[in-house]
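# Coordinates in review
Below, each chain spelled out in residue letters.
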Amino acid sequence: MQKLQRTLTESVVPHMVLLVYLVIAMFPLFLVIINSFKTRKAIFANPLMIPTAETFSTEGYLTVWERAGFPSYFANSITVTVVSLFLILIVGAMAAFALSEYPFPGNPLLGIYLALGIMIPIRLGTVGILRLISSLGLVNTLTALILVYTAQGLPLAIFVLQSFMQRIPRELKEAARVDGATEYRIFGLILPLVRPAIATVAVFVMIPIWNDLWFPLILAPGEKTKTVTLGAQQFLGQFVSDWNAVLASLSLAMIPVLILYLIFSRQLIRGITSGAVK
Amino acid sequence: MQVSSTYKKKRKPFPFHIIVFLAPAVIIYTIFMIYPLIDSLRLSFASGETGGYIGFENYKTLFNNELWSIRFWGALKNNFEFFFIHMLVQNPIGLLLAALLSRRTLRWTNTYRTLLFMPTMLSVVIIGFIWQLILSPLWGVAEGMMALVGLDALFQPWLGLETTALPTLALISVWQFIGIPMMLFYAALLGIPDELVEAAYVDGASAWTVFWRIKFPLILPTVGIVAILTFVGNFNSFDLIYTVKGALAGPNFSTDIMGTFFFRTFFGQQLQLGNPEMGATVAAIMLLIILVGVLLYLVGWQRRIQTYEA
């Protein structure tokens, strides 16, 4: 009897709690996706039903395709995210290498200076950023977003990469130096060795850039430079009453991210749990 | 001998490579992050009309001028409420989920944590709209589901009422970001050595006792990290309120937090023109609040934990 009770609390209860929360976490996403494939009538009559042969409809997707500039928003988001990510990783890795490799005077101080940005949100400097960007004539350009996101992502990237680079055995670098390798060559040798850390950093800095609403809204709200997040926000605001279109655009904005997440989730979760952010 | 060694030292070439490695990062970071922050702080001491230095006048206006102060204190109070709801709901549930996930005998942990972390990955804009639809009286999904358990009489348009809009938005945000404390606690719990826990079980301790007496004290550093991340995140929050309620954070400013107040102030909305100097002043106060939070964490929490560990 006691043993039975023990197995109950040990294995059944945890699964029950987790399953209940799983439903709470998944239900809203599921609801939006299933209803995006239904007729307007069915959306209101039976929101909880999955689409059937009679209620199936893609009219929402057609509206979104015709009315909103989603292909161009996607292209903008991809450009901004990929270029910023590339800059953050290469520039960040170089700085992290210098900080972890050379004990020059002022090294710890520079490390602290660069790490300040981890805790201080860059948004608080928005008034200054907007003034700077307009004086550079970069308002409504993707370049403005790329520069700001690079500055935003660097502190965490440098901090994490530096701690990984410090763990690389000294002998490796010394051996290369004895062979006459330049410092740039040694950096090139180290880079592949911290690949897992680079992948982790990539995921961590990429998500906030892709999802950001603040800087696109302030620095690049023009039709040509809109990102997906801003485009979706404005499209949804205008089409509130067209439920098919709203549900379809939500699904369109959500599904690519979810697919990418499912592909990379192992990498991401390993990154979190391996102490990269501790 | 002496001479030759100093000679050798002088010959060591200037380490240009260090500068090459560091310069790009330092330049981009300084120009696009540190300089704007300092420029913004400077502006908070400048007059909106002349641009000249006026000391703490903008701060006085913000605190004392009725037009400004009512919005400022309102946003500050709401922001604290927003933060406390996260601390009381998000972090305990995150801890509970992490505690369950980290049990070694549990199966399907990979599936659970992947799916539970999913909402955290999505844009706040998407999440805001999804919940707006679910809670909408027009669609009636929330009402219909409450009717299934006989609670439909309790349904209200929560997002539209002055008293419930802010807690509702806070709970939506909790729902989305619960994955972060969950993952951080989960990582910390996995790091606890097996021997410690095994020994307690052998002594006949229950899972409950083991958790609170052994595991929880060991993950206290993570509790502090989660708290400070929640604090900084909440006092920098903007997207959700803006998406669901717009820049005016209605009804009647009841969902206005520092982020939306800051945005309205410097960027303007509808009939109100943007005011960079006052916006910079609001940003400076936000920076101060965040710095106080971080300092409290470093001095009050992290140091105590370290002495405790020693």
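Rules used throughout
- The residue numbers shown here count from 1 along each chain, following its written sequence.
- Key to labels: chains lettered from A, ligands numbered from 1, both in the order written.
- With the structure being a predicted model, the display of local features is reserved for residues of pLDDT at least 70 and the display and counting of side-chain atom pairs for 80 or more, all residues being used for whole-chain, interface and lining totals.
- Numbering of helices and strands runs from the N terminus, with a helix taken as a DSSP run of H or I at least four residues long and a strand as a DSSP run of E at least two residues long.
- The atom set for the radius of gyration is the C-alpha atoms, and the globule formula is 2.2 Å times the number of residues raised to the power 0.38.
- Exposure classes come from backbone-placed C-beta atoms, where a residue is buried if 20 or more other C-beta atoms lie within 10 Å of its own, exposed if 12 or fewer do, and partly exposed in between.
- Think of it this way: build a C-beta for each residue from its backbone, and any pair within 7 Å is a contact.
- Residues are sorted three ways: Asp, Glu, Lys and Arg are charged, Ala, Val, Leu, Ile, Met, Phe, Trp, Tyr, Cys and Pro are nonpolar, and all the rest, Gly among them, are polar.
- All the domain ranges listed were derived from an automatic or database domain assignment.
- What we call a nonpolar core is a set of buried Ala, Val, Leu, Ile, Met, Phe, Trp, Tyr and Cys residues whose membership is set by joining through C-beta atoms within 7 Å.
- Any helix carries an expected span of 1.5 Å times its number of residues minus one.

A few words now on the overall build of chain B. Helix and strand counts for chain B stand at 16 helices and zero strands. By the compact-globule yardstick of 19 Å for 310 residues, chain B is too spread out, its C-alpha radius of gyration being 26 Å. With respect to the three principal axes, the spread of C-alpha positions in chain B is 95 × 70 × 30 Å. Counting only residues that meet the buried cut, chain B has 39% of its 310 residues in that class. Taking the intrachain contacts of chain B between residues at least 6 apart in sequence as the baseline, contacts between residues at least 24 apart amount to 67%.

The interface is formed by 66 residues belonging to chain A together with 62 residues belonging to chain B. A per-element tally of the side of chain A that touches chain B places helix H1 (residues 2-35) of chain A first, with twelve residues. Along the lines of polarity and charge, the residues of the side of chain A that touches chain B split into 49 nonpolar, 13 polar and four charged.

Taken domain by domain, chain A holds domain 1 (2-62) and domain 2 (68-238). For domain 1 of chain A versus domain 2 of chain A, the distance between C-alpha centres works out to 37 Å.

A few words now on the nonpolar core. Ranked by internal contacts, the top residues of the largest apolar core, which has 160 residues, are Ala-95, Leu-145, Val-148, Ala-157 and Leu-161 of chain A together with Ala-25 and Ile-126 of chain B. For this core, the element with the most residues is helix H7 (residues 142-165) of chain A, which contributes 17 residues. Two domains each donate at least three residues to this core, and these are domain 1 (2-62) and domain 2 (68-238) of chain A. With near-sequence residues (within four places) excluded, Ala-25 of chain B lies in contact with Val-91, Gly-92, Met-94, Ala-95, Leu-114, Leu-154 and Ile-158 of chain A.

Now for helix H10 (residues 195-211) of chain A. Because each turn of an α-helix spans 3.6 residues, side chains separated by three or four positions in sequence point in the same direction. A rise of 1.5 Å per residue sets the reference length of H10 of chain A, with its 17 residues, at 24 Å; its end C-alpha atoms lie 25 Å apart and thus fit the reference within 8%. Listed as buried for H10 of chain A are Ala-197, Thr-200, Val-201, Ala-202, Val-205, Ile-209, Trp-210 and Asn-211 of chain A. Packed against the buried residues of H10 of chain A are helix H4 (70-101), H7, helix H12 (228-238) and helix H13 (243-273) of chain A together with helix H7 (124-135) of chain B.

On to the environment of Ile-28 of chain B. By secondary structure assignment, the location of Ile-28 of chain B is in helix H2 (residues 16-43). Ile-28 of chain B sits in the buried class, given 20 other C-beta atoms within 10 Å.

Residues and elements named next belong to chain B. Going from Gly-250 to Pro-251, the amide bond is cis rather than trans, its omega being -5°. Mapped onto the elements of the fold, Pro-251 is located in the loop between helix H14 (239-245) and helix H15 (258-267). Positive phi outside glycine occurs at Trp-108, with the angle close to 60°. Here Trp-108 is to be found in the loop between helix H4 (66-101) and helix H5 (109-116). A positive phi angle, close to 50°, is found at Asn-252, a residue other than glycine. Structurally, Asn-252 is set in the loop between H14 and H15. Assessed through the 11 C-beta atoms surrounding it within 10 Å, Asn-252 is described here as exposed.

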